[in-house]
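Each chain, written out:
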Amino acid sequence: MKIHNFSAGPSILPQEVLKKASEAVIEYNNIGMSLLEISHRSKHFVDVMENARALALELLGLEGKGYKALFLQGGASMQFVMVALNLLEKRAGYLNTGTWSENAIQEAKIYDDIHEVASSKDANYNYIPKGYSIPKDYDYFHCTSNNTIFGTQIKQFPDSPIPMVCDMSSDIFSRQLDFSKFDLIYAGAQKNMGPAGTTLVVVKEDILGKVSRKIPSIMDYKVQIEKSSMFNTPPVFAVYTSMLTLEWLKNLGGIKAIEKVNEMKSRVIYSEIDLNPLFKGYAVKEDRSMMNATFTLANDDLKETFDTMLKEAGISGLSGHRSVGGYRASMYNALSLDSVKALVEVMSELETKA
Ligand code: PLP
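Conventions and cut-offs
- Numbers given for residues are sequential positions, taken from 1 along each chain in its written order.
- Reporting of local features is limited, given that this is a predicted model, to residues whose pLDDT is at least 70; pairs of side-chain atoms are given and counted only at 80 or more, and all residues count toward the totals for whole chains, interfaces and linings.
- Heavy atoms throughout the structure, all of them, feed into the side-chain values; hydrogens and water do not.
- Residue burial is assigned from relative accessible area. The probe radius is 1.4 Å, only protein chains are included, and a residue is buried under 20% of its type maximum, exposed over 50%, and partly exposed in between.
- Comment: elements are numbered from the N terminus, with helices defined as DSSP H or I runs of at least four residues and strands as E runs of at least two.
- By this definition, two strands are paired if DSSP reports at least two bridges between them.
- Here, nonpolar core means buried Ala, Val, Leu, Ile, Met, Phe, Trp, Tyr and Cys residues that are tied together by side-chain atoms lying within 4.5 Å of each other.
- Contact between two residues is taken to exist if any of their heavy atoms lie within 4.5 Å; hydrogens are not considered.
- What makes a residue near a molecule or strand is one non-hydrogen atom of that residue sitting within 4 Å of it.
- Counting of polar contacts relies on pairs of N or O atoms within 3.5 Å, with two restrictions inside protein: one atom must be capable of donating a hydrogen and the other of accepting it, and residues adjacent in sequence are counted only when both atoms are side-chain atoms.
- Throughout, the Shrake-Rupley method with a 1.4 Å probe supplies accessible areas, and for residues the shown protein chains are the sole cover considered.
- A fitted line through C-alpha atoms represents every axis, and for helices the fit uses only the stretch in contact; the resulting angles, taken between N-to-C directions, go from 0 to 180 degrees.
- Any angle that falls under 35 degrees is termed roughly parallel, while one over 145 is termed roughly antiparallel, one within 65 to 115 roughly perpendicular, and all others oblique.
- Crossing chirality is assigned from the near helix's rotation relative to the far helix, an anticlockwise turn below a right angle marking it left-handed and a clockwise turn marking it right-handed.
- Residue ranges assigned to each domain were obtained from an automatic or database domain assignment.
- One side-chain nitrogen of Lys or Arg within 4 Å of one carboxyl oxygen of Asp or Glu is enough to make a salt bridge.
- Three classes are used, and their members are as follows: Ala, Val, Leu, Ile, Met, Phe, Trp, Tyr, Cys and Pro are nonpolar, Asp, Glu, Lys and Arg are charged, and the others, Gly among them, are polar.
- Given the number of residues in a helix, its expected span is that number minus one, multiplied by 1.5 Å.
- What the arc covers is the set of directions going from the helix axis to the C-beta atoms.
- Using protein atoms alone on a 1 Å grid, points that fit a 1.4 Å probe yet trap it form a cavity, whereas open point sets bounded by protein on both sides within 12 Å along at least five of seven lines form a pocket; residues with an atom within 4 Å of a point count as lining.
- Grid points are joined across faces, edges and corners, and a volume is the space filled by probe spheres set on the points.
- UniProt positions are given in the numbering used here, feature names are shortened, and annotations may be inferred rather than shown by experiment.

Quick look at the pairing of strand β12 (residues 292–297)
Point 1. The buried fraction of β12 amounts to five of the six residues, a majority that puts the element mostly inside the structure.
Point 2. In this structure, strand β11 (residues 279–281) lies alongside β12, joined through three bridges in antiparallel fashion. Residue pairing for β12: Gly281 is matched across the bridge by Phe295.
Point 3. Here four bridges tie β12 to strand β14 (residues 327–330), and the two strands are oriented antiparallel to one another. Note on β14: the bridge partner recorded for Thr294 is Arg328.

Let's talk about the nonpolar core
Point 1. Counting 55 residues, the largest nonpolar core has Phe141, Phe173, Leu200 and Val202 as its most contacted members.
Point 2. At nine residues, the largest contribution of residues to this core is made by helix α2 (residues 43–60).
Point 3. Contact partners of Val202, with chain neighbours within four places excluded, come to Leu57, Leu60, Leu62, Tyr67, Lys68, Ala69, Asp183, Leu184 and Ile185.
Point 4. Ranked by size, the runner-up nonpolar core spans 30 residues in total, among them Leu70, Leu88, Leu208 and Met219.

Focus on the site of the ligand
Point 1. Of all residues adjacent to the ligand, which total 13 residues, the nearest are Ser77, Thr148, Asp167, Gln190 and Lys191.
Point 2. Contacts to the ligand include Ser77, whose side-chain N or O atom sits 2.6 Å from an oxygen atom.
Point 3. When the ligand sits alone it has 400 Å² of accessible area, and the protein chains cover 86% of it.
Point 4. The element that contributes the greatest number of residues to the shell around the ligand is helix α3 (residues 75–87), accounting for four residues.

Section: the packing of α3 against helix α4 (residues 99–109)
Two quantities define a packed helix pair, namely the angle between the helix axes and the distance between the axes.
Point 1. Put simply, α3 and α4 touch, their axes get as near as 8 Å, and they point 40° apart. As judged from the angle between their axes, α3 and α4 are oblique. Along this stretch, α3 crosses α4, giving a crossing that reads as right-handed. Here Ser77, Phe80, Val81 and Ala84 of α3 come into contact with α4, specifically with Trp100, Asn103, Ala104, Glu107 and Ala108.

Points about the domain arrangement of the chain
Point 1. Assigned domains within the chain: domain 1 (15–252) and domain 2 (254–353).
Point 2. One C-alpha centre belongs to domain 1, the other to domain 2, and the line joining them spans 27 Å.
Point 3. Domain 1 puts 31 residues into the contact, and the matching count from domain 2 is 26 residues.
Point 4. Where domain 1 touches domain 2, the interface holds two salt bridges.
Point 5. Among the elements of the structure, α2, β7 (152–153) and α6 (236–252) are those that each provide at least two residues to the side of domain 1 that touches domain 2.
Point 6. Residues of the side of domain 1 that touches domain 2, tallied by class, amount to 14 nonpolar, eleven polar and six charged.

Considering the packing of helix α7 (residues 254–275) against helix α9 (residues 337–353)
Point 1. Where α7 contacts α9, the two axes come as close as 9 Å, and the packing angle between them is 5°. As judged from the angle between their axes, α7 and α9 are roughly parallel. Contact with α7, carried on its side by Met264, Lys265, Val268, Ile269, Glu272 and Ile273, involves Leu337, Val340, Leu343, Val344, Met347 and Ser348 of α9 and no other residues of that element.
Point 2. Considering only residue class, the contact of α7 with α9 consists of nine nonpolar, one polar and two charged.

Brief notes about α7
Point 1. In this model, α7 (22 residues) spans 32 Å end to end at C-alpha, consistent with the 32 Å of a helix rising 1.5 Å per residue.
Point 2. Inspection of α7 places Gly254, Ile255, Ile258, Glu259, Asn262, Lys265, Ser266, Ile269, Tyr270, Glu272 and Ile273 among the buried residues, and these make up the whole buried set. Viewed along the axis of α7, the buried residues span an arc of 165°, placing them on a single side of the element. The exposed set on the far side of α7, more than 90 degrees from its buried face, consists of Lys256, Lys260, Arg267 and Leu275.

A word on empty space enclosed by the protein
Point 1. For the structure shown, the criterion picks out one cavity of 30 Å³ or more.
Point 2. Estimated volume of the largest cavity: approximately 30 Å³.
Point 3. Around the largest cavity sit Ile12, Leu13, Pro14, Lys191, Asn192, Met193, Thr245, Trp248, Asn333 and Ala334, which together line it.
Point 4. A per-class count over the lining of the largest cavity returns six nonpolar, three polar and one charged.

A word on the UniProt feature "domain: Aminotransferase class V" (unreviewed entry) in the chain
Point 1. In the numbering used here, UniProt assigns the "domain: Aminotransferase class V" (unreviewed entry) feature to residues 3–343.
Point 2. In residues 3–343, the share of helix is 34% and the share of strand is 17%. The end C-alpha atoms are 11 Å apart.

Here it is, written out as structure tokens:
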């Protein structure tokens, strides 16, 4: 049976990407060796890395604008540390919109002073704070574009007077934004781009080299740029598969084309949540995420029936995170509109049964 994979991450990848990636594991481009067996210094892999980096900048519309793309290791969690190591001299401002922002704040605090410019912790992160100001004398401002756990998403980014850093792990390449507003963007691959194991970092070079501390080489963006993202042995499979996904996205028509599909998917799910009296949305309407829709059952007695119906319909990965409960439908780029319709069908069938 076809499984509709709503997992929050690692998550669904396009079928054609999985097929090509698995072929490359057996034999890469008819060279008589697996992708996993070739040197990362060989032209075969250097071309993959260069192509992946170039595609990332092209899709974000950041070519020729002073940015560099890197594919690093250590997940988005390592970026919580690298951002602080490379940019934090005295004080930085962080917008606290959920667990991942909290984690970013906690790691940065090891190095220097962090000021939460605003927080939605008072309502268990079901909204995005607005109307805050960003002090001009801070080193940078950090935000999380999409809050994977709580299902909220920043729709309007501030005009930051200082470098703006954004964790886009769960909505990178899913919607059109003016990406040049950001000075550093990072995103773990395992939601909208590829398998776990690599993290995309897009950084404007002119913000680097301004802190006085010594930075370990592997954690230094400048070193990673100089070494073309290959300071040490890169995660070849994760980078190759990410490159395939970026090619898939480009062939579809880029972010503009996928955004239309993503808008449609989120309209379909949220209209069911709003119209069906058995469900309640978690996030406030204006801040709802297009990637992760969080909702609960109005009556918990229906949980067993609903869970059985989901299973029978081949719907997987819908359990909400423990800090929110209920359900979470993650609708990353590779998830089809048909999968969302299959979920909505089960939701409306529950209404007729209840
Ligand atoms: N930031 C966000 C928004 C996330 O959703 C996640 C993981 O789900 C992370 C950071 C942590 O990513 P990683 O596991 O790659 O460190």
